[in-house]
Amino acid sequence: MSDCLFCKICEGKIPATITYRDDDVVAFQDIGPKAPFHQLVIPTRHIASLTQAKPEDAALLGKLMLVASKLAGEAGHGNSGFRVVMNAGPDAGQTVFHVHLHVLAGRSFGWPPG
Ligand code: AMP
Ligand code: ZN
C-alpha cells in the first residue's frame, strides 16, 4: 500500500534498523522502545490489522511468531523470557494499520497489561 508506513519500511523507502528479512517477513527495531529489547515483526504483504486477516493468512501469521522467538532467543532472551503483543483495533491501541507483532524483552512485564 503506497501510503502505509510499514510497507515503506519493507520497501526501504523509510529508514529502519532491520534485524531480519526474508521473502515473507521483515523485523526492525521499534522507534520508541518500551523495553530494552523491542522489535516489530511484520509481514511484507500488507494486512491492515489482525481483524482483517483471513484463513489463508494463517501460515504467515504463524511465521511472525516463529521469527519473534528466533530474534528474542538470538538476543539472549530465550530462557529469561519475552513477550509478544499484537494490538488489533483502536481499543487495543493499534496506531499503525499494517499487522505487526511487538517482541519485548530485557525486563519483567506486569499482568494484566494496561
Ligand atoms: P501499535 O500501537 O501496536 O500500532 O504499535 C506501533 C508501533 O510502531 C509503536 O511501538 C511505534 O513506536 C512504532 N513505530 C512507529 N513508527 C515507527 C518507525 N518509523 N520505525 C519503527 N517503529 C515505528
Ligand atoms: Zn502496509
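Residues numbered from 1 in each chain as written. Chains lettered and ligands numbered in written order. Predicted model: local features only at pLDDT ≥ 70, side-chain atom pairs only at ≥ 80, totals over all residues. Heavy atoms only, no water.

Let's talk about the sheet that holds strand β4 (residues 82–85)
Step number 1: Strand order in the open sheet formed by 5 strands is β1-β2-β3-β5-β4, and the pairing between neighbours is antiparallel. Each end of this open sheet is capped by a strand with a single partner; those strands are β1 (18–21) and β4. Strand-to-strand twist across the sheet, computed as the mean angle between neighbouring axes with direction ignored, equals 20°.
Step number 2: Against the sheet, helix α2 (residues 58–74) makes contact with β1, β2 (25–29), β3 (37–43), β4 and β5 (101–105), and its axis sits at roughly 155° relative to β3, the strand it touches most. (Pairing = 2+ DSSP bridges. Helix = DSSP H or I, 4+ residues; strand = E, 2+ residues; numbered from the N terminus. Axes fitted to C-alpha atoms, helices over the stretch in contact; angles between N-to-C directions. Contact = heavy atoms within 4.5 Å.)

Focus on the coordination of the zinc ion (ligand 2)
In ideal tetrahedral geometry, four donors around a metal make angles of 109.5 degrees, whereas ideal octahedral geometry with six donors gives angles of 90 or 180 degrees.
Step number 1: Ligation of the zinc ion (ligand 2) by protein atoms is provided by C4 (SG), C7 (SG), H46 (ND1) and H98 (ND1), these donors lying 2.0 to 2.3 Å from the ion.
Step number 2: Relative to the metal, the 4 donor atoms surrounding the zinc ion (ligand 2) lie at angles of 106 to 117°, and the coordination shape comes out tetrahedral.
Step number 3: Written as a sequence motif, the donor arrangement for the zinc ion (ligand 2) is C-x2-C-x38-H-x51-H. With C7 in helix α1 (residues 5–10) and H98 in the loop between β4 and β5, this residue pair connects regions lying 91 residues apart in the sequence. Like C7, the residue H98 is buried in the burial classification. (Donors = N, O, S within 2.8 Å, 3.2 Å for Na, K, Ca; no water. Tetrahedral: all angles 85-135°; square planar, octahedral: opposite > 155°, others 65-115°. Buried < 20%, exposed > 50% of the residue type's maximum accessible area, 1.4 Å probe, protein only.)

Observations concerning the environment of D57
Step number 1: Looking at the element boundaries, D57 is found in the loop between β3 and α2.
Step number 2: Under the relative-accessibility criterion, D57 is labelled buried at 4%.
Step number 3: Along the chain, D57 and I47 lie 10 residues apart, while their C-alpha atoms are 9.0 Å from each other.
Step number 4: The contact partners of D57, leaving out residues within four places of it in the chain, are R45 and I47.
Step number 5: Separated by 2.7 Å, the side chain of D57 and the backbone nitrogen of K54 make a polar contact. (Polar contact = N/O pair within 3.5 Å; in protein donor to acceptor, adjacent residues only side chain to side chain.)

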